[in-house]
Amino acid sequence: MKKEFRLMKGNEALAEAAIRAGCDAYFGYPITPQSEVLEYLSGEAAKRTGMVVLQAESEIASINMVYGAAGTGKRVMTSSSSPGMSLMQEGISYIACGELPCLLVNVQRGGPGLGTIQPGQADYLQAVKGGGHGDYKVITLAPSTVQEMVDFVGEGFELAYKYRNPVLILTDGALGQMMEKVLLPELRPRKTEFEPWGSTGKTPDRERNVIYTLSLQPDVMEQWNQRLQAKYRIIEENETRCELIDCEDADYILVAYGLVARICQKAAHIARDKGIKVGVFRPITVYPYPYAELNKIADKVKGFMTVEMNAGQMLEDVRLAVNGKKPIEFYGRQGGMIPSPEDIFHKLEEKIIGELV
Amino acid sequence: MNEKTMTAEEDLRFEQMLAEESVCTKENIVFDRTDTLIDTNMHYCPGCGHGVAHRLIAEVIDELDIQKDTIGVAPVGCSVLAYNYLNIDMNGAAHGRAAAVATGIKRVLPEKYVFTYQGDGDLAAIGTGETIHACNRGENFLIVFINNGIYGMTGGQMAPTTLPGMKSTTSPEGRDIVTMGSPLKITELIAQLPGTYYVTRTAVNSPVNVRKAKAAIKKSFEYQKLNKGTCLVEIVTNCPSNWKMNPVESNKWLEDNMLPFYPLGDIKKPSN
Amino acid sequence: MTEEIIIAGFGGQGVLSMGQILCYGGVIEDKEVTFMPSYGPEMRGGTANCIAIVSDEKISSPILTKFDTVIALNQPSLDKFEHTLKPGGLLIYEASTIINPPKRTDIDILPIEASNEAAKMKNIKIMNMIVLGAVLKKKPIISLESAILALQKVLPERYHHLIPLNKEAIEKGMELAEKASVTA
């Protein structure tokens, strides 16, 4: 059978992927530039699969609805954009502590404050260092194409259940709004089987299932933390993903994730046309971060430039990975501005190549 | 009592008494722990209304035989550990978010019985938005609202329901309605929403009120089967510790001060 | 082959649908495509633009500052994007409303009086399709057949009765482009 490709907007493709992933419930609140997710699901999902789609009164309510529904073991998700994600952080901390699987999507826009509705990447630290209170981690996938916006929905749910942990798709307004060719997965049935830990009503054959996040005894809470940390180490061991583009012979490496990684590829082409060997290192998971892979590359190259739509957030991880082996420069745009391939090439020339030649 | 040591003779008699199984038999038992209430010590202060309210919910769940189909949502506040006392599946919500958490549960498991158990600070201050919107959507669950006019767990701060002139650690001169606002009668407010089906105010300060409160809780669980909307049962209670009274005084104070401001009775009854 | 195009005009002129038709046509022809709209206040009647990339290879950056083809449907768009055209690129503009023509001499320039033609065809809304026809005549990024199939995908079903008219408009644009003299 010939595969059917469709031209879809990132946000709508993600919503369609959620339906096809057999998602049981979506709770969300409108915010540009991600409202199409809620709109698309509101129109389609209930009719097709009986999925619950509810527009909540706020992002705070959305994430707590997710917490409640995820506690039953059902496959649930929400999406928002930067200011809305800030509101959700407390709830995400509870979900992580209660070890509940769910899928979160942040279609980032420029900040801080109300910021802009144009794309941004300034929620990186919030996403990967644990934006809410307490020591916890959210597995964070950073798509760079509309196809990955689709693929990461199914993969995100898999990871969420594998580790009983929230998974975040960290994307941005441009990927949400742009259209590309996508291949959609087959429709998967909705989740009907109960998880052994799910809070679904205590039957006589089992102990009661309580979802909670509190301990009044600090030693018990410490053990709980240690259990979470042990899980995070396993995740770091098993789930780190990255893409190396033209890195084998490269003298200089552009490090970027998501949309910017693609812009960097074009910048690298411009450089190679001028005889300068530039590669692109793209983390696909930004938590867990591909420290080891990046560190390995540092032995072979002359220098790095990190490119982000923020003031230098992932830069901190790049520095940790490279660990002083080679110089690292930074180029960032903020507030919803997107760097162009030419800008990136010129900055690379100005900041690194010029210095080292 | 403890200071006085028992004589050997008394000791023996006591042991014999204990040994006699005939004292408590199925036939003559008049009072027992209800099954859904877990056999453990509660952390609540002596004379607090929470224990009674928990028991009423447990009794109703037993009488309706819905333990296997019931999911409760505990709040943040004194009853944060409610899940340690009720032998059912439960979910501990973040402060104020119980109605949203319950919405999530009920929407994915519409055939189950869901209830929240929330104090005044949780429901009527930090969780006002979630409470009103869940009720306005007519979510099919029960909200048990414990109103004692004070923040108990954090140590006696002013609540949205603290009475005018009532002292608390954050209104040491008494609640000044000019600067601190008036007590929020959120139950009356909620009763106006089309999404609510049954809204009532009860108390657990006297046997007759305890019976009425139980009846209200039972009716609300039964109404969940009808899918007609949210039920809210407010229980006006005391807080002897933070009101700085003994239990008897606190119940008297409740009758003299709380109940005139928060009158008992149905505020919204099912139309048929 | 990679064709990088920017289309700009007023909101409501059908800028976004032109880009989408090019991209959907690309999908139909098994090509790689990326469509990047400008979004936000433009949706409410200001200037709108979109980038359409159609390629035989995997597409890297959806964000571009230099284009192979610039399509300008109003004066502000022409003023803004004329300089973004690569040397030797194609600039097509709506000549019935643009009064200050482009000045560059290192590019191909094709003025199309699309609004006037659309008025003659008694539906001003098909102006964009006339321009699209002219583009496809000069640069066969996708075939006419693919463009028609793409129309079915892009237009909401309630407008499908207008597809024959749109096809006519595309053909009209092709005809105009054939007749028109390209200045270089």
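All values reported here derive from a predicted model rather than from experimental measurement.

Parameters and conventions
Residues numbered from 1 in each chain as written. Chains lettered and ligands numbered in written order. Predicted model: local features only at pLDDT ≥ 70, side-chain atom pairs only at ≥ 80, totals over all residues. Helix = DSSP H or I, 4+ residues; strand = E, 2+ residues; numbered from the N terminus. Expected span 1.5 Å × (residues − 1). Buried ≥ 20, exposed ≤ 12 C-beta atoms within 10 Å, placed from the backbone. Pairing = 2+ DSSP bridges. Axes fitted to C-alpha atoms, helices over the stretch in contact; angles between N-to-C directions. Contact = placed C-beta atoms within 7 Å. Nonpolar A, V, L, I, M, F, W, Y, C, P; charged D, E, K, R; others polar.

Participant: Before we move on, can you summarise helix α1 (residues 15-28) of chain C with the specific residues and values?
Facilitator: All names here are of chain C. Between its first and last C-alpha, α1 extends 20 Å over 14 residues, near the 20 Å set by a 1.5 Å rise per residue. Taken across its 14 residues, α1 has 14 buried, putting it largely inside the fold. Directly beyond the C-terminal end of α1, a positive phi value near 60° is found at D30.

Participant: So, the environment of G50 of chain A: which residues are in play, and what are the values?
Facilitator: All names here are of chain A. In this fold, G50 is placed in the loop between α2 (35-49) and β3 (52-55). A count of 9 C-beta atoms within 10 Å places G50 in the exposed class. Residues G50 and V146, spaced 96 residues apart in sequence, show a C-alpha to C-alpha distance of 25 Å.

Participant: For the sheet that holds strand β1 (residues 5-9) of chain A, give the residues involved together with the corresponding values.
Facilitator: Within a beta sheet, neighbouring strands are joined by backbone hydrogen bonds and run either parallel or antiparallel to one another. Strand order in the open sheet formed by eight strands is β1(A)-β8(A)-β2(C)-β3(C)-β1(C)-β4(C)-β5(C)-β6(C), and the pairing between neighbours is mixed. A single partner strand is all that each edge strand has here, and the edge strands are β1 of chain A together with β6 (108-112) of chain C. With direction set aside, neighbouring strand axes in the sheet form an average angle of 20°. Here five bridges tie strand β4 (residues 67-72) of chain C to strand β5 (residues 85-94) of chain C, and the two strands are oriented parallel to one another. Within β5 of chain C, the residue paired with T69 of chain C across the bridge is L90 of chain C. Helix α4 (residues 127-138) of chain C rests against β4, β5 and β6 of chain C of the sheet, and its axis sits at about 145° to β5 of chain C.

Participant: Outline the interface of chain A and chain B, supporting the account with residue identities and numerical values.
Facilitator: With 34 residues of chain A at the contact, the number on the chain B side is 29 residues. At the level of secondary structure, the elements contributing two or more residues to the side of chain A that touches chain B comprise β2 (25-28), β3, α3 (59-70), α4 (82-97) and β9 (210-211) of chain A. Among the elements that take part in the side of chain A that touches chain B, α3 of chain A stands out by supplying eight residues, more than any other. In terms of residue class, the side of chain A that touches chain B is made up of 16 nonpolar, twelve polar and six charged. In this sheet, strand β2 (residues 89-92) of chain B lies alongside β9 of chain A in parallel orientation, the contact comprising two bridges. Bridge assignment links V210 of chain A to a residue of β2 of chain B, and that residue is M90 of chain B.

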